[in-house]
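# Breakdown of the fold
Here is what each chain is made of, one letter per residue.
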Amino acid sequence: MNPKNTDCLIIFTRNLKLGKGKRRLAATVGDQAALEIYKFLLAHTLKITKDLQATKKVWYSDEVPKNDDWDDALYHKYTQEGEDLGVRMKIAFLDAFKTHDHVIIIGSDMHDMNTTDLEKAFKKLHTHDAVIGPAEDGGYYLLGLTKKVVSGIFENKEWGTSAVLEKTLENLKDYNYALLEERNDVDCYDDIKNIPAFQPFLKHL
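One structure accompanies this document, and this report is about it. (Residues numbered from 1 in each chain as written. Predicted model: local features only at pLDDT ≥ 70, side-chain atom pairs only at ≥ 80, totals over all residues. Heavy atoms only, no water.)

Below, the discussion takes up the pairing of strand 1 (residues 7-13). The buried count for strand 1 comes to seven of seven residues, which makes it a mostly enclosed element. The alternating pattern of strand 1 places Asp-7, Leu-9, Ile-11 and Thr-13 on one face and Cys-8, Ile-10 and Phe-12 on the opposite face, and all of these are buried. Summarising the sheet, strand 1 and strand 4 (residues 102-106) pair through five bridges and their orientation is parallel. Note on strand 4: the bridge partner recorded for Ile-10 is Ile-105. (Buried < 20%, exposed > 50% of the residue type's maximum accessible area, 1.4 Å probe, protein only. Helix = DSSP H or I, 4+ residues; strand = E, 2+ residues; numbered from the N terminus. Pairing = 2+ DSSP bridges.)

Here you go:
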């Protein structure tokens, strides 16, 4: 079977609304700059995923917009459901597992990632039960599972804290999992202040 028929990439994204999302970043750079930075990150996520040989599903935070940059011919579109991030991710994984064996989820705030990284992650997932990409802040930027949701992996987590990765690895201790390279996701000003690509958004500071 062609790998793209068994591979599914879930992309979690926020609807573009001023004053919503990236609140830790906005606290330093302001709401408008935070929105522009998120648009920049969304464009990067689109760029690195559009040619990936996998089924691609975009899950929006609030609603599925009409005529946005995510091509309907390349991306299936859904609205996230659930009271916290764990529930929302679990629902998305369970949906994907109805038709796919290898499922990876990413957010849309990873400038420090490219298409090759995603291809390598799926390759590892074909020989492991799970794959996880550790983020520098103690969370993770990518999670992949094979054929089933691991018990407890989306429960009892304080999402957005430095303990998420540690507790997730505890859930995976009895499974054959692969660790990817540690990467920097964008949550606050310190994550971008020294990266050239973000300097145009920070000139007002």
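The rest of the description comes next.
Strand order in the open sheet formed by seven strands is 3-2-1-4-6-5-7, and the pairing between neighbours is mixed. Every other strand in the sheet has two partners, leaving strand 3 (75-79) and strand 7 (177-179) as the edge strands with one partner each. When the angles between neighbouring strand axes are averaged without regard to direction, this sheet yields 20°. Judged from the three bridges that link them, strand 5 (residues 130-134) and strand 7 form a sheet pairing that is parallel. Within the sheet, the bridge partner assigned to Ile-132 lies in strand 7 and is Leu-179. Along the sheet, helix 5 (residues 115-125) makes contact with strand 1, strand 4, strand 5, strand 6 (140-146) and strand 7, crossing strand 4 at roughly 140°. Seen against the sheet, helix 6 (residues 164-171) touches strand 5, strand 6 and strand 7 and runs at an angle of roughly 165° to strand 5. (Axes fitted to C-alpha atoms, helices over the stretch in contact; angles between N-to-C directions. Contact = heavy atoms within 4.5 Å.)

A few words now on the pairing of strand 2 (residues 55-60). With six of its six residues buried, strand 2 lies for the most part within the structure. Alternating residues of strand 2 divide into Thr-55, Lys-57 and Trp-59 and Lys-56, Val-58 and Tyr-60, and every residue in both groups is buried. Taken together, the six bridges between strand 1 and strand 2 define a ladder with parallel strand orientation. What sits directly across from Leu-9, in strand 2, is Lys-56. The sheet contact formed by strand 2 and strand 3 spans five bridges and is parallel. If you follow Tyr-60 over to strand 3, its bridge partner there is Thr-79.

A few words now on helix 4 (residues 85-96). Spanning twelve residues, helix 4 covers 17 Å between terminal C-alpha atoms, matching the ideal 16 Å at 1.5 Å per step. Gly-86, Met-89, Ala-92, Phe-93, Asp-95 and Ala-96 are the residues of helix 4 that are buried. Of the surrounding secondary structure, the elements contacted by the buried residues of helix 4 are strand 1, strand 2, strand 3, strand 4 and strand 6. The N-capping residue of helix 4, defined by a side-chain oxygen 3.1 Å from the backbone nitrogen of Gly-86, is Asp-84. (Expected span 1.5 Å × (residues − 1). Polar contact = N/O pair within 3.5 Å; in protein donor to acceptor, adjacent residues only side chain to side chain.)

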